[in-house]
Amino acid sequence: MSQDYLEIRGARVHNLKNIDLRLPHNKLIVVTGVSGSGKSSLVFDTIYAEGQRRYVESLSAYARQFLERIEKPDVDEIRGVAPAIAIRQKNTTRNPRSTVATATEIYDFLRLLYARVGRTFCANCGSQVRKDTVDDVASRVLALPEGSRRHVLFPVERGSPDGLTPELKTRLAQLRGKGFNRLYQSGRLFEFSTPESLLEIDFSRPLYALVDRLVIARNLHQRVVDAVETCFRESREVAFEPAGADAAERLWFSERFECRQCNLEYLEPEPRLFSFNSPFGACPTCHGFGNTIDFDMDLVVPDKFKSLGEGAVDPWTKPRYRRYQQKLLHAAEDAGVRVDAPYYQLSPAETDFVVNGSGGFAGVRGFFNYLERKKYKMHVRIFLSRYRGYTLCPSCKGGRLRAEALNVKVGGKTVRDVVLMSLEGTKKFFTKLRLSGQEAEIAGQLLEDIRHRLAYLNDVGLEYLTLDRLASTLSGGEAQRIQLATSLGSRLVGACYVLDEPSIGLHSRDTRRLIRILEHLRDLGNTILVVEHDREIMQAADHIVDLGPGPGERGGKVVFAGDFPKILSNGGRSLTGYYLRGDFSISLPEKRRKAKKRRRVRFIGAIKHNLKGIDVTIRLDLTTVVTGVSGSGKSTLVHDVIYEGLQAAKRLNGRDTADEKALRLPCRRILGASLIDEVILVDQSPIGRSPRSNPVTYVKAFDGVRELFASTPHADRMGFTPGNFSFNIPGGRCETCQGDGRVTVEMQFLADVELVCEDCNGARYKSDILNARYQGKNIREVLEMTVSEALKFFIRTPKIINKLSSLAEVGLGYLRLGQSATTLSGGEAQRVKLAGHMAQARCENTLYMFDEPTTGLHFDDIAKLLSAFQKLLSKGGTVLIIEHNLDVIKCADWIIDLGPEGGEGGGRIVVEGTPEQVAACAESHTGRYLAKFLDEAG
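Residues numbered from 1 in each chain as written. Predicted model: local features only at pLDDT ≥ 70, side-chain atom pairs only at ≥ 80, totals over all residues. Heavy atoms only, no water.

(A) Local environment of the packing of aromatic side chains. In total, this model carries 32 aromatic pairs according to the counting rule given. When the ring of Y579 is compared with that of F584, the centres are 5.7 Å apart and the planes differ by 80°; the resulting orientation is edge-to-face. Through pairs of rings, three or more aromatic residues link up here, namely F295, W316, Y321, Y324, F353, F361, F367, F368, F383 and Y387. For the cation-ring pair, R97 lies above F289, with the distance from its terminal atom to the ring centre recorded as 4.1 Å. Directly above the aromatic system of F280 lies the positively charged group of R402, at a separation of 5.1 Å from the ring centroid. (Phe/Tyr/Trp six-rings, centres within 6.5 Å; stacked < 30°, edge-to-face > 60°. Lys NZ or Arg CZ within 6 Å of the ring centre and 35° of its normal.)

What follows is the structure, encoded as structure tokens:
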């Protein structure tokens with residue numbers, strides 16, 4: 001067998017049907033197929049698991065206990081497997097200290113860069129802080145005119161006006177013991193050997209010890225060096241005092257890292273000074289988190305559209321504290337602060353006046369400091385609690401670092417300035433950065449690594465992110481692309497990279513950039529294995545594997561293996577091939593729904609994150625798709641403004657208008673909130689984390705099944721109730737495995753082993769329960785059925801059929817009724833939730849929100865998903881979707897396109913309207929790609 005290939009024989013993981021497969025090394029390979037066909041089972045649970053397992057088992061038993069322990073996959077043989085690296089579509093980071101900079105390791109390079117070539121500037125006068133080295137001092141001194149005379153001195157501690165102190169006596173004795181024979185003061189030398197001469201010294205004035213007397217000449221280098229080293233050793237300072245008739249200026253040098261103008265000593269830059277994860281570098285107030293629990297200005301000024309004159313400062317509108325409002329207005333007039341402009345339009349200097357005050361006006365901070373002294377009173381404590389929250393740290397202003405770290409600059413910018421830039425801006429800064437001389441030599445490799453990683457992060461479409469963005473706030477797609485860029489930065493070769501739909505979260509504009517990244521990673525000498533449904537990525541692949549032909553038990557076979565031209569020319573039984581060739585397609589709707597005039601909800605003045613005060617209208621009873629490039633503000637609008645705003649508006653008890661003052665909304669006002677009774681966010685989070693959770697319980701169909709079995713003759717004789725047929729509660733379930741059917745045995749150095757329960761033999765129930773049969777089957781056998789089989793079996797029970805049919809309608813007919821929720825993919829979990837809502841009788845006045853529901857879905861699955869959306873609409877619901885998939889976008893009734901770019905370049909509505917109207921907009925990136933797609937579809 002050639003080692004140019006990864007060869008798999010007899011893979012049987014999950015639904016894989018004993019498949020054999022030969023994959024070429026150092027190629028870009030796409031594994032595709034309908035949802036549930038076995039893609040993840042092949043790529044992650046077989047190839048990645050075996051590659052990782054072999055690597056881990058090559059380590060010592062001690063090292064293995066700290067690493068992920070992976071069970072050996074069910075496969076006869078795998079040859080030519082490379083060390084595997086999985087880059088998944090999940091963001092598991094919850095650490096509040098983790099940022100984009102730390103996750104990509106760029107911050108490690110920044111800390112080292114600032115420690116090695118950073119220049120410290122005095123916080124008081126702005127001059128550069130430096131210390132003098134022995135070589136620098138020698139060069140300066142030897143540059144003096146030849147023949148000039150100098151005394152080499154270092155300072156001795158002062159005494160007191162009354163004479164010698166005990167400490168100074170001890171110090172003078174030490175100096176004499178070290179061989180120093182003369183002291184110097186005001187141009188005079190005093191001998192230690194003549195005690196009477198010491199009586200002439202004024203010990204209250206500066207006193208120096210004489211180290212050497214020099215006549216400047218070229219051959220004095222070593223003598224100067226020795227003298228300077230002696231002075232630095234004794235006092236860290238050295239003075240070259242003109243001697244005799246020489247009237248030149250005294251030269252003063254210090255080994256201390258201090259400002260020469262202000263005599264302020266500073267910390268020397270070192271890597272830990274710039275680490276907010278280290279107690280040494282972290283801000284002592286917030287301990288490196290960037291925020292503290294304090295009065296929250298978002299609570300103090302809840303309506304930023306109000307002016308100071310209209311009572312923007314909420315606590316000062318209360319009768320007890322209204323006098324502070326008058327003080328504010330008088331002080332603002334004297335200070336030239338505008339009181340008639342909306343608060344959000346005030347300049348930083350004006351808001352600082354409100355917060356910190358000026359002159360006799362104490363400001364908001366002074367007001368709360370005053371109340372803190374009175375919080376022994378209950379009503380004061382209650383009042384203060386209304387305005388407390390996590391707020392920007394007052395010491396570091398969110399910078400996370402101690403003040404000394406922010407005195408150090410490279411290229412005129414502090415490390416805080418750099419991490420606040422977007423990745424695009426940071427890339428430009430380091431591209432233009434030029435260091436000179438020794439600095440360039442020291443920082444050469446560091447700058448190269450920083451530039452490489454920033455280039456990769458920009459190339460994967462993340463240019464809108466800032467380096468200080470919290471890693472926990474990233475979407476799954478953003479987290480995956482950050483891992484991808486980090487892998488590129490490491491330049492590892494000979495590995496097998498396994499990726500899970502890297503195109504998710506990417507606009508069509510950025511897919512080509514992603515492909516270039518994958519090709520670069522491949523060209524370094526790696527095998528790239530991608531689970532993907534995107535046509536453009538398949539077209540760029542060297543090899544395509546299509547699994548199927550159907551989902552679940554009907555899948556797990558290799559339907560096609562070859563390159564893109566081959567799948568186009570001869571797809572055979574490949575459903576993917578049919579869609580790629582155009583034999584099958586998702587057609588445009590015959591007629592788009594029209595919005596009713598009064599059936600709409602308006603969100604006015606949304607300014608959350610990068611949204612630029614936009615007004616957004618959601619038309620009810622339609623499908624609305626929110627589009628735009630990555631970072632344009634889609635998630636902010638849908639999650640933070642619409643979802644959170646409507647959830648808050650529900651507290652108004654049916655009033656039609658909600659404003660920011662009443663609810664602290666993420667926008668200025670919501671109109672028409674009473675038209676929506678319920679808001680449901682359908683995401684890809686698991687439907688349950690317990691092995692006992694399954695699809696049939698989620699859609700409430702299992703209630704009917706348990707009632708049916710409880711009505712059987714055997715159950716009636718035994719007195720069984722529906723509760724006895726539940727594996728979630730004691731009664732009828734096997735208590736050894738607690739209804740799981742399996743038990744887990746922990747292995748210290750190996751992967752935990754799951755075994756079938758010996759008591760129930762995997763049946764989950766006690767034997768008495770299994771004796772109850774309906775139409776010849778017990779409850780265990782029913783749970784082993786697929787949804788499609790169960791629809792036929794329970795044909796005479798409408799209560800069960802109505803619930804299960806929704807699962808089949810969203811393309812999940814292949815799932816087994818008792819299949820554990822932990823084995824479902826994110827796309828499957830989302831469709832189970834969708835089926836649960838479809839099973840409801842009515843959906844009037846319900847807004848359903850989906851965030852990229854096409855994740856993990858094949859072309860054929862998307863067609864079924866769109867049909868499911870139509871069913872929700874037919875029952876009176878409204879569907880709102882964040883999406884990049886052009887098949888979904890073209891079928892929408894209405895589109896809201898945000899942008900035009902990501903980050904600060906986004907947050908505006910570029911265009912809104914029907915797909916045809918958006919396609920006609922030249923400024924819209926979405927419109928440009930949609931126009932081509934509509935032409936092909938037409």
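(B) Structural view of the sheet that holds strand 19 (residues 543-548). Overall, mixed pairing links the six strands, which are arranged 5-17-18-3-19-20 in an open sheet. Because the sheet does not close on itself, it has two edges, and the strands there are strand 5 (84-87) and strand 20 (557-562). Sheet twist, expressed as the mean angle between neighbouring strand axes with direction ignored, is 20°. The strands touched by helix 18 (residues 508-523) within the sheet are strand 3 (28-33), strand 17 (496-500) and strand 18 (527-531), with strand 18 carrying the most contacts at an inclination of about 145°. (Pairing = 2+ DSSP bridges. Helix = DSSP H or I, 4+ residues; strand = E, 2+ residues; numbered from the N terminus. Axes fitted to C-alpha atoms, helices over the stretch in contact; angles between N-to-C directions. Contact = heavy atoms within 4.5 Å.)

(C) Structural detail: the layout of surface pockets. The computed volume of the second largest pocket comes to approximately 1100 Å³. R535, F859, L886, D887 and F933 are the residues nearest the centre of the second largest pocket, which is lined by 42 residues in total. For the lining of the second largest pocket, the elements supplying multiple residues, two or more each, are helix 18, helix 19 (535-540), helix 21 (575-581), helix 32 (859-874), helix 33 (886-890) and helix 35 (925-937). Grouping the amino acids of the lining of the second largest pocket by side-chain chemistry returns 14 nonpolar, 14 polar and 14 charged. (1 Å grid on protein atoms, 1.4 Å probe; cavity = no way out; pocket = protein on both sides within 12 Å on 5 of 7 lines; lining within 4 Å. Points joined across faces, edges and corners; volume = space filled by probe spheres on them. Nonpolar A, V, L, I, M, F, W, Y, C, P; charged D, E, K, R; others polar.)

(D) Focus on the packing of helix 15 (residues 423-432) against helix 16 (residues 437-459). In the contact formed by helix 15 and helix 16, the axes pass within 9 Å of each other and the chain directions differ by 150°. Remark: the crossing between helix 15 and helix 16 carries left-handed chirality. Contacts from L423, E424, T426, K427, F430 and T431 of helix 15 reach helix 16 at L447, I450, R451, L454, A455, L457 and N458. Looking at side-chain class alone, the contact of helix 15 with helix 16 contains seven nonpolar, three polar and three charged residues. (Left-handed = near helix turned anticlockwise from the far one by under 90°.)

(E) Here's a closer look at the pattern of salt bridges. Applying the stated criterion across every chain, the model contains 51 salt bridges. One salt bridge in this structure joins R453 and E105, with 3.6 Å as the shortest N-O distance. Highlighted residues: R453 in helix 16 and E105 in the loop between helix 3 (100-103) and helix 4 (106-117), separated in sequence by 348 residues. Here K864 and D860 are joined by a salt bridge, their closest N and O atoms 3.8 Å apart. Of the two residues, K864 and D860 both sit in helix 32, four residues apart, roughly one turn of that helix. (Salt bridge = Lys/Arg side-chain N within 4 Å of Asp/Glu carboxyl O.)

(F) Looking closely at unusual backbone geometry. With an omega of 0°, the peptide bond running from G548 to P549 counts as cis. Tracing the chain through its elements places P549 in the loop between strand 19 and strand 20. With a phi close to 45°, E501 is a non-glycine residue in the positive phi region. On the basis of relative accessible area, E501 is assigned to the buried category, the value being 5%. (Buried < 20%, exposed > 50% of the residue type's maximum accessible area, 1.4 Å probe, protein only.)

(G) Molecular detail of helix 1 (residues 39-57). End to end, helix 1 covers 25 Å across 19 residues, agreeing with the expected 27 Å (1.5 Å per residue, within 8%). Along its length, helix 1 shows its largest kink, about 35°, at A49. Most of helix 1 is tucked away: 14 of the 19 residues are buried. (Expected span 1.5 Å × (residues − 1). Bend = angle between axes of the 7 residues up to and from the residue.)

(H) Up close: empty space enclosed by the protein. Tallied over the entire structure, the rule returns five cavities of 30 Å³ or more. Computed from the structure, the largest cavity encloses a volume of approximately 90 Å³. The wall of the largest cavity is formed by T99, A101, Y107, F276, G399, R400, L401, V415, R416, V419, L467 and D468. Ranked by residue count, the leading element in the lining of the largest cavity is helix 14 (residues 415-420), at three residues. Its residues assigned to classes, the lining of the largest cavity shows seven nonpolar, two polar and three charged. Considering only enclosed or pocket space, the second largest cavity measures out at about 50 Å³ in volume.

(I) The nonpolar core, seen in detail. In terms of nonpolar packing, the biggest core is built from 146 residues, with L110, F430 and F794 touching the most fellow members. Setting aside residues up to four positions removed in sequence, F794 forms contacts with V705, L708, Y774, V782, I800 and I801. The next biggest cluster of nonpolar side chains, apart from the first, holds 31 residues, and it includes F192, F203, I216 and F253. (Core = buried A, V, L, I, M, F, W, Y, C linked by side-chain atoms within 4.5 Å.)

(J) Representation of the pairing of strand 30 (residues 878-882) within the structure. The buried count for strand 30 comes to five of five residues, which makes it a mostly enclosed element. Of the two faces of strand 30, the one lined by T878, L880 and I882 and the one lined by V879 and I881 are each fully buried. Pairing of strand 23 (residues 623-627) with strand 30 involves four bridges; the strand directions are parallel. The partner of T624 across the bridge, within strand 30, is L880. Looking at chain direction, strand 29 (residues 846-851) and strand 30 are connected through five bridges and run parallel. Bridge pairing links D851 to I882 in strand 30. Note that the unit made of strand 29, helix 32 and strand 30 has a crossover that is right-handed. (Right-handed = clockwise from strand over helix to strand, strands pointing away.)

(K) Broad picture of the sheet that holds strand 6 (residues 119-121). An order of 7-6-16 is seen for the three strands of this open sheet, with the pairing classed as antiparallel. Only two strands of the sheet have a single partner each, and these edge strands are strand 7 (128-129) and strand 16 (408-409). For strand 6 and strand 16, the ladder comprises two bridges, and the chain directions are antiparallel. Looking across to strand 16, one finds that R119 is bridged to K409.

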